[in-house]
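Topology and contacts: notes
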Amino acid sequence: MTTADVSSPRIDIPPPGRYRISQAASTVTIRTRHFFGLGAVRATLDLRDGRILVAAPPAASAVQARFSAASFQSGNAARDAAVLSPRLLDAEAYPSLSFTSTDLLQEQGEWSLRGELEVRGVTRLVEARITALAVHDAGATLRASAQAGIDRYDFGITTYRGLAARRLTVNLGIVAHREQS
């Protein structure tokens, strides 16, 4: 296990192997603005399933995850109904959002995960900055935090221009457990 430079976020490299992402222990939080940028919105999505392959070297690692579109919750029933409707996420026609990594990069002491995000049948490259990665239980559990900026227009979701922000910040808190070989 290697730890990155002290000045960068804490990054422990987990032992190579396959890890299953815990639905119950992982979180996906979305932050954005509404009403012409005046109001803050915080919402959550549930993780459906996911796997992490930690490879040696770490740059060859891979991540795959699916999220439940219908699980979107912001604490405002009218907003939630609008987001789940065909005008935005269209959760009935597209019940899942998915992410498949393409690259794990380390540049100037910082790690980022690039991959393909599919929303409403549209796939675009996104990049998540890994803000923390820690190994627990002698390598049996890993905890990771990451943040990604998403432009909803990239996915063809352009309804409510001005009323709903174009850009969203997605914060991921991931807990994964090593699978038995």
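Residues numbered from 1 in each chain as written. Predicted model: local features only at pLDDT ≥ 70, side-chain atom pairs only at ≥ 80, totals over all residues. Heavy atoms only, no water.

A closer look at the environment of E118
As a reminder, the rule being used: Numbering of helices and strands runs from the N terminus; a helix is a DSSP stretch of H or I covering at least four residues, while a strand is a stretch of E covering at least two. Only protein chains enter the area calculation, which uses a 1.4 Å probe; residues under 20% of their type maximum are buried, those over 50% are exposed, and those in between are partly exposed. We call two residues contacting when some pair of their heavy atoms lies within 4.5 Å.
Following the sequence through the fold, E118 ends up in strand β6 (residues 110-119). Residue classification places E118 among the partly exposed positions, given a relative accessible area of 32%. The spatial distance from the C-alpha of E118 to the C-alpha of T100 is 8.7 Å, given a sequence separation of 18 residues. Here E118 is in contact with S96, L97, S98 and T123, once residues within four sequence places are set aside.

Details of the confidence of the model for the protein chain
Quick reminder of the rule: The quantity known as pLDDT measures the predictor's confidence residue by residue, on a range of 0 to 100.
When the pLDDT values of the protein chain are averaged, the result is 90; 92% of them are 70 or greater. Across residues 1-7 the pLDDT falls below 50, and counting only partners more than four positions away or on other chains, this stretch makes 10 contacts in the model.

Describing the pattern of salt bridges
The test is simple: The working definition used for a salt bridge is a side-chain nitrogen of Lys or Arg within 4 Å of a carboxyl oxygen of Asp or Glu.
Taken as a whole and assessed by the stated rule, the structure comprises six salt bridges. The closest approach of N and O atoms between R66 and D49, which form a salt bridge, is 2.6 Å. One end of the pair, R66, is in strand β4 (residues 62-73); the other, D49, is in strand β3 (residues 39-54), and 17 residues separate them in sequence. Given a relative accessible area of 31%, R66 falls into the partly exposed group. Residue classification places D49 among the partly exposed residues on the basis of a relative accessible area of 25%. R167 is the partner of D151 in a salt bridge, and the nearest nitrogen-oxygen pair spans 3.8 Å. You can see D151 sitting in strand β8 (residues 141-151) and its partner R167 sitting in strand β9 (residues 167-178), a full 16 residues away along the chain. Its relative accessible area of 10% is what places D151 among the buried residues. One salt-bridge network, in which partners are shared between bridges, spans R20, R51 and E179.

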